[in-house]
Amino acid sequence: MKSIAGRLGLVVCLCLMLAQGAAAQETQARWSEADANAWYAHQPWLVGANFLPSTAINELEMWQSDTFDAPTIDRELGWAEGIGMNTMRVFLHNLLWEQDPAGFKKRMDVFLTIAAKHHIRPVFVLFDSCWDPNPKLGPQHPPIPGVHNSGWVQAPGNDILRDPAQYPRLEKYVKGVVGAFANDDRVLAWDVWNEPDNGNDSSYGTKEGHTKEQLVRALLPHVFAWARSEHPRQPLTSGIWQGDWSSLDKMSAMSQVQIEQSDVISFHNYGWPEDFEAHVKLLEQFHRPLLCTEYMARGAGSTFDTVLPIAKAHHVAAINWGLVVGKSQTNLPWDSWQRPYVNIKPTVWFHDVFYADGRPYRQHEADLIRQLTGRP
């Protein structure tokens with residue numbers, strides 16, 4: 001085990017290396033409040049879901065050539081369109097770029113064509129600190145029975161994150177993907193890093209290194225800079241999800257980076273409606289568009305019935321977790337990592353909107369979303 005001094009030395013070296021690289025690249029500035037709000041004024045009220053086709057267990061299986069399932073994507077986005085959804089949050093992965101840059105861009109273009117057919121503009125997520133820290137290309141393992149999101153993988157993986165010599169690979173990925181679609185009106189926004197300070201304590205926490213958060217915090221501003229160097233017409237963001245949001249000074253160091261670097265403010269909230277509204281009011285202090293990029297966990301008190309009307313009243317984009325029940329098994333609760341739901345099923349679905357045959361889990365929810373979005 002490395003000493004604390006050794007770990008801190010690694011972080012210092014990383015910061016110096018990235019600072020030298022950032023100084024050499026030309027980037028555009030963060031959007032002003034006026035520019036961010038002008039962009040938002042041209043958007044409809046944004047409502048959607050975090051999307052993974054029901055036939056994929058994770059983002060690798062979604063996008064790899066052997067398992068890219070355009071017919072299922074088309075069918076399921078059609079169900080989303082049918083209830084008035086107009087955006088999807090979709091995760092990418094750096095290993096997909098390294099495996100086949102041209103093929104990956106082609107499949108992204110196919111996805112965007114399908115999404116545009118259904119009047120849906122996605123938010124693409126570049127990196128993610130959640131779930132399995134050791135992603136591998138190729139065939140993915142089958143779902144673990146009774147366990148929520150049992151196959152989701154982090155990006156970048158632990159091996160790359162802990163080796164600064166590998167960071168040019170990440171830079172090529174960010175610039176390559178953002179650059180390819182920087183002027184594509186079919187893309188709504190770029191979410192550069194999902195929950196960067198998530199330690200996965202209830203799932204893979206024992207496999208996470210002690211310096212993960214420090215490494216990600218040092219890297220995150222440079223990911224923003226790499227993306228901005230491609231001059232995207234779409235806004236950049238990274239969603240905060242925990243801690244005290246009453247003022248910037250009281251936020252964690254990671255949340256401060258996220259707020260100060262984001263063109264539009266995004267956040268996650270799986271709490272009761274009173275908690276959701278309280279957090280929205282706290283974030284209104286920044287005078288920028290607000291996008292809730294994760295919510296809706298029925299068993300935790302976050303439901304369409306109670307939260308979606310609040311989001312509409314505050315003109316907050318609302319993107320729930322999960323669209324169609326499938327291999328991700330996110331209809332099961334988070335605590336399934338401690339007690340898998342094999343013989344006993346949960347009382348209610350945790351996430352997700354549709355059965356695999358297109359029937360809504362709750363017809364009332366589908367009707368409510370359709371009513372609030374104005375879908376005929």
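Conventions and cut-offs
Residues numbered from 1 in each chain as written. Predicted model: local features only at pLDDT ≥ 70, side-chain atom pairs only at ≥ 80, totals over all residues. Heavy atoms only, no water. Helix = DSSP H or I, 4+ residues; strand = E, 2+ residues; numbered from the N terminus. Rg over C-alpha atoms; globule rule 2.2 N^0.38 Å. Buried < 20%, exposed > 50% of the residue type's maximum accessible area, 1.4 Å probe, protein only. Areas by Shrake-Rupley, 256 points an atom, 1.4 Å probe, with all protein chains shown as cover. Lys, Arg positive; Asp, Glu negative; His and termini not counted. Charge placed at Lys NZ, Arg CZ, Asp CG, Glu CD. pLDDT = per-residue confidence, 0-100. Contact = heavy atoms within 4.5 Å. Axes fitted to C-alpha atoms, helices over the stretch in contact; angles between N-to-C directions. Parallel < 35°, antiparallel > 145°, perpendicular 65-115°, else oblique. Left-handed = near helix turned anticlockwise from the far one by under 90°. Nonpolar A, V, L, I, M, F, W, Y, C, P; charged D, E, K, R; others polar.

Draft legend 1. Fine view of the overall build of the protein chain. Counting secondary structure elements, the protein chain contains 13 helices and 8 strands. What you see for the protein chain is a C-alpha radius of gyration of 20 Å, in line with the 21 Å of a compact globule of 376 residues. Along the first, second and third principal axes, the C-alpha set of the protein chain runs to 55 × 50 × 40 Å. The burial tally for the protein chain puts 57% of its 376 residues in the buried class. For the protein chain, the exposed area adds up to about 14900 Å²; of that, 55% sits on carbon and sulfur atoms. One way to put it: in the protein chain the 33 positive side-chain charges average out to a point 3 Å from where the 42 negative ones average out.

Draft legend 2. Up close: the confidence of the model for the protein chain. Of the residues in the protein chain, 93% reach a pLDDT of 70 or more, and the chain-wide mean stands at 93. Scored below 50 in pLDDT, residues 18-25 makes 11 contacts in the model with residues more than four places away or belonging to other chains.

Draft legend 3. Region of the structure containing the packing of helix α6 (residues 101-117) against helix α8 (residues 167-181). In the contact formed by α6 and α8, the axes pass within 11 Å of each other and the chain directions differ by 40°. By the angle between their directions, the pair α6 and α8 is classed as oblique. Helix-helix and strand crossings are classified by hand; for α6 and α8 the assignment is right-handed. Of the residues in α8, those in contact with F104, K105, M108, D109 and L112 of α6 are Y173, G176, V177, A180 and F181. Tallied by class, the residues present in the contact of α6 with α8 amount to 7 nonpolar, 1 polar and 2 charged.

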